[in-house]
Amino acid sequence: MPVPLGPGGPTLVTTLEDSKDVLVRSEDFVVPFNVSRERIRSDRDAVKHTPPLSREAVARGLVVLSEELDRCTAGFAGPDIDTLDVLRGPVSRSTAAALLPEADATQRDRIADLVLGWIDSLAPVIAAPRPPRRWTRIRRTESRSRHLLITGLAEVGCEHPRARATALAAGTQVPIAAGAWSLTQLACRPHVQTALRADSSLTLGVVWETLRLFPPTWLLPRVSTRDVRIGGVPLPAYSIVLVSPLALGRLEGLVPGPDEGFAPLAELDPTRWRNPDHRPGAWLPFGAGVHSCPGRSLGLAQLDAIVAWASGFDLWASRAPGIDASRGLAPAPATIDVRPLTRR
Ligand code: HEM
């Protein structure tokens, strides 16, 4: 049954069926804002859909990610290492490599820096209580960074630079946050690190469990375009409806739990997904319908590689990180202590 969050407030859908219904009925429920928090006024303004990435694109992204992680290895030691910071370079370059086959390495690295610049300038836009107006300082800074990126993409011969800029930003910001969640969660759980070192097939289980407990894109907002019903409940046109992968990820029935011998649903248990009959992802961490994530396979491969790389270190955090929900979900602080394994 959908839950209204206060009078006149948004409505949260609470079941998988209703969530899929909202995401799949893309004529009845539209995405209200683009990534810069500008209202989408017509289909013409809507983001051009990015097709799912090819195997070749994912492979290109993975090669660059592993080179970049190798480069980070020497500096990945000491107290208070900021995991969000460490992953910025590797992930941005990896996603740029996947999405920009036309760019050489120098162009790709420059574009990756411009993507990070746009993401940084978007942060205060997204975190502001109301979308900032056109001529405010933060809007001007954001607009300048966006144009620099779009111009840079056009210069390397990219065909749809606007759409590509959006895909690059989505495909950089979200895996960085997800990767930082994986590393900070591992740092709080030495026993999971030990299990991972003994059995590398658990890597993907750690990834899925992190995406279940801390999906970076934890709220998917939609606006109804006409009077609609969800789960039998009538909603007027222009209602805001929220689908939440975070809430779905805690639903019994979608996730194997203690009755099947696994840890309670609030705990990170990578063994949950060892049995091929238990299909991960039912909680929609990559969305569903026309706006579902085209970078799903790249994102999963990047996270798998990041967790595998991190299992070569001893990660430690004295307490669980807090949550920064100002633009998706990110750990805050995202810092951990890192020691080389050989020192033990
Ligand atoms: C762990 C990694 C990732 C997660 C958890 C994730 C999650 C999501 C989710 C939940 C959506 C749907 C948003 C909605 O319905 O409102 C989405 C959309 C999108 N994602 Fe990802 N994503 C990830 C990685 C990537 C990567 C690597 C790319 C690079 C291509 C990417 C590009 C996009 C784009 C362009 C959209 C918008 C699709 C549209 O509106 O048509 N994402 N992502």
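Engineer: Even after reading the chapter, I still don't get the packing of helix α5 (residues 137-155) against helix α6 (residues 161-187), so can you show me in this structure?
Structural biologist: Running from amino to carboxyl end, α5 crosses α6 at an angle of 115°, the nearest separation of the two axes being 9 Å. Like other packed secondary-structure pairs, α5 and α6 cross with a definite hand, here right-handed. Only P161, R162, R164 and A165 of α6 make contact with α5, whose side of the interface consists of R146, L149, I150, L153 and A154. The residue makeup of the contact of α5 with α6, split by class, is 6 nonpolar, no polar and 3 charged.

Engineer: How should the sheet that holds strand β9 (residues 313-316) be read in this particular structure?
Structural biologist: Two strands in a sheet stick together by hydrogen bonds in their backbones, pointing the same way (parallel) or opposite ways (antiparallel). Taken together, 3 strands build an open sheet; the order of strands is β4-β12-β9 and the sheet is antiparallel. Each edge of the open sheet carries a strand with a single partner, namely β4 (78-82) and β9. When the angles between neighbouring strand axes are averaged without regard to direction, this sheet yields 40°. One ladder, built from 4 bridges, connects β9 with strand β12 (residues 335-340); its direction is antiparallel. Bridge assignment links D314 to a residue of β12, and that residue is R339. Sheet strands in contact with α6 are β9 and β12, and its direction is about 80° off that of β9.

Engineer: Just to check I follow, could you spell out helix α8 (residues 203-213) for this structure?
Structural biologist: For α8, the tally of buried residues reaches 9 of 11 residues, placing the bulk of the element in the interior. Inspection of α8 places T203, G205, V206, V207, W208, E209, T210, L211 and R212 among the buried residues, and these make up the whole buried set. In this fold, the buried residues of α8 make contact with α6, α7 (190-198) and α10 (296-310).

Engineer: Please explain the site of the ligand as it appears in this structure.
Structural biologist: Lining the immediate environment of the ligand, one finds 30 residues, of which G171, G287, C293, G295 and G299 sit closest. Broken down by secondary-structure element, the contributors of at least two residues to the shell around the ligand are α3 (83-99), α6 and α10. With 7 residues, the single largest contributor to the shell around the ligand is α6. When grouped by side-chain class, the residues that make up the shell around the ligand number 19 nonpolar, 11 polar and no charged.

Engineer: What's the story with helix α2 (residues 55-73) in this structure? I'm lost.
Structural biologist: An α-helix turns once every 3.6 residues. As a result, residues three or four positions apart point the same way. With 19 residues, α2 extends 27 Å from end C-alpha to end C-alpha; this agrees with the ideal 27 Å at 1.5 Å per step. Of all the residues in α2, the buried ones are A57, V58, R60, G61, V64, L65 and L69. Take α2 and look down its axis: the buried residues cluster within an arc of 160°, on one side only. Structural note: α2 exposes R55, E56, D70 and T73 on the side pointing more than 90 degrees away from its buried face. Where α2 is buried, its residues touch α3 and α10.

Engineer: Please clarify how the pairing of β12 should be interpreted in this entry.
Structural biologist: On a regular strand, one side chain projects to one face of the sheet and the next to the other, so that they alternate. Judged from the 3 bridges that link them, β4 and β12 form a sheet pairing that is antiparallel. In the strand pairing of β12, G78 is matched with V338.

Engineer: I keep staring at the sheet that holds strand β2 (residues 11-12) and nothing clicks. Help me out?
Structural biologist: The sheet built from 5 strands is open, its strands ordered β1-β2-β8-β5-β3 with mixed pairing. Both outer strands of the open sheet, β1 (3-4) and β3 (29-30), are each paired with one neighbouring strand and no more.

Engineer: Mind showing me how you'd approach the packing of helix α4 (residues 105-127) against α6 here?
Structural biologist: Any two packed helices are characterised by how steeply their axes cross, that is the angle between the axes, and by the distance between the axes. Following both chains from N to C, one finds α4 and α6 inclined at 80°, their axes separated by 10 Å at the closest point. One finds that α4 runs roughly perpendicular with respect to α6. For the pair α4 and α6, the contacting residues are V115, W118 and I119 in the first and L168, A169, T172 and Q173 in the second. Among the residues forming the contact of α4 with α6, the class breakdown is 5 nonpolar, 2 polar and no charged.

Engineer: Which parts of the structure should I look at to understand the nonpolar core?
Structural biologist: Where a protein is soluble and globular, its nonpolar side chains tend to be buried together. Core analysis: the largest hydrophobic core is formed by 69 residues, its most contacted members being A96, I111, V115, A177, A180, A310 and L315. It is α6 that provides the largest number of residues to this core, a total of 14 residues. Beyond its immediate chain neighbours, meaning those up to four positions away, V115 contacts S92, A96, L149, L168, A169 and T172. Residues V13, L23, F29 and V241 belong to the second largest nonpolar core, which totals 9 residues.

Engineer: What should I look at first to understand unusual backbone geometry in this one?
Structural biologist: Negative phi characterises most residues that are not glycine, and trans characterises most peptide bonds. For the bond running from A332 to P333, omega is -5°, close enough to zero to count as cis. Within the element layout of this structure, P333 appears in the loop between β11 (330-332) and β12. The backbone of D80 sits at a positive phi, close to 55°, despite the residue not being glycine. Mapping D80 onto the fold places it in strand β4. We note that Y238 has phi near 70°; this positive angle belongs to a residue other than glycine. Considering the arrangement of structural elements, one finds Y238 in the loop between β7 (233-235) and β8 (240-243).

Cut-offs and rules
- Residues numbered from 1 in each chain as written.
- Predicted model: local features only at pLDDT ≥ 70, side-chain atom pairs only at ≥ 80, totals over all residues.
- Axes fitted to C-alpha atoms, helices over the stretch in contact; angles between N-to-C directions.
- Helix = DSSP H or I, 4+ residues; strand = E, 2+ residues; numbered from the N terminus.
- Left-handed = near helix turned anticlockwise from the far one by under 90°.
- Contact = placed C-beta atoms within 7 Å.
- Nonpolar A, V, L, I, M, F, W, Y, C, P; charged D, E, K, R; others polar.
- Pairing = 2+ DSSP bridges.
- Buried ≥ 20, exposed ≤ 12 C-beta atoms within 10 Å, placed from the backbone.
- Near = placed C-beta within 6 Å.
- Expected span 1.5 Å × (residues − 1).
- Arc of directions from axis to C-beta.
- Parallel < 35°, antiparallel > 145°, perpendicular 65-115°, else oblique.
- Core = buried A, V, L, I, M, F, W, Y, C linked by C-beta atoms within 7 Å.

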